[in-house]
Amino acid sequence: MIKLLELLRILGSCLGVFLAYWFGNTPEEVLRIMTPWLIGSIAGLSAIDGLLFADRAAAEKGYEAGSGYQRQSALWFLAITIVALASWSAGWDAYANIALASLFCLFLVLSAANHLYSMIAEGNTTWQNAIRPVLTALLTLAFAQPVSAILLR
């Protein structure tokens, strides 16, 4: 189940980027489509695996299971997912989406650094640790174009 959720995170993110750039005619539209897709796919599914499959998710990633920090992290994922969906459904402006995307990307960059540290310093060479920095860089690049186009006007 954990591998399926990981695959769905990647596929959902790719689909979100595709849909955003296919249907979005302006940077604001691209960001409006992409933000809930990417946050929902990554954070929403991470909340599910962290809350419902915590022990298996931790084992898959090579981390300890059952800590309060693991549950707290899953609740953070749930919180940002709810806010991203609220922003989308309420039609909040582009700056709300920029704030959400910036916060989420910053978290992912810091998380990728943690995964890289775990891989190098602790010898935790799980697939998630190896691929996380690469996927984070791609995700951040997907957000960079519409965010910079809006902010540089």
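It should be emphasised that the depicted structure is a prediction, and the values quoted were computed from it without experimental measurement.

Draft legend 1. Representation of the overall build of the chain. In terms of regular secondary structure, the chain is built from six helices and zero strands. Ordering the α and β elements of the chain from the N terminus gives α-α-α-α-α-α. Compactness check: the chain gives a C-alpha radius of gyration of 16 Å against a globular reference of 15 Å for 153 residues, within 12% of the reference. Along the first, second and third principal axes, the C-alpha atoms of the chain reach 45 × 30 × 25 Å. Split into buried and exposed, the 153 residues of the chain put 42% on the buried side. Counting only contacts in the chain whose residues sit at least 6 apart along the sequence, the fraction spanning at least 24 positions is 70%. About 8300 Å² of surface is accessible on the chain, with carbon and sulfur atoms providing 71% of the total. The averaged location of the 9 negative side-chain charges in the chain is 3 Å from the averaged location of its 8 positive side-chain charges.

Draft legend 2. View of the nonpolar core. Counting residues in hydrophobic clusters, the biggest one holds 24 residues, and the most contacted among them are Leu31, Met34, Ile39, Phe104, Leu139 and Phe143. Per element, the largest residue contribution to this core is eight residues, and it comes from helix 2 (residues 27–52). Sequence-distant contacts of Leu139, that is, excluding residues within four places in its chain, are made with Leu38, Ile42, Phe104 and Leu108. Formed by five residues, the second largest nonpolar core is a distinct cluster that contains Ile2, Leu5, Leu45 and Phe53.

The rules behind the values
Residues numbered from 1 in each chain as written. Predicted model: local features only at pLDDT ≥ 70, side-chain atom pairs only at ≥ 80, totals over all residues. Heavy atoms only, no water. Helix = DSSP H or I, 4+ residues; strand = E, 2+ residues; numbered from the N terminus. Rg over C-alpha atoms; globule rule 2.2 N^0.38 Å. Buried < 20%, exposed > 50% of the residue type's maximum accessible area, 1.4 Å probe, protein only. Contact = heavy atoms within 4.5 Å. Areas by Shrake-Rupley, 256 points an atom, 1.4 Å probe, with all protein chains shown as cover. Lys, Arg positive; Asp, Glu negative; His and termini not counted. Charge placed at Lys NZ, Arg CZ, Asp CG, Glu CD. Core = buried A, V, L, I, M, F, W, Y, C linked by side-chain atoms within 4.5 Å.

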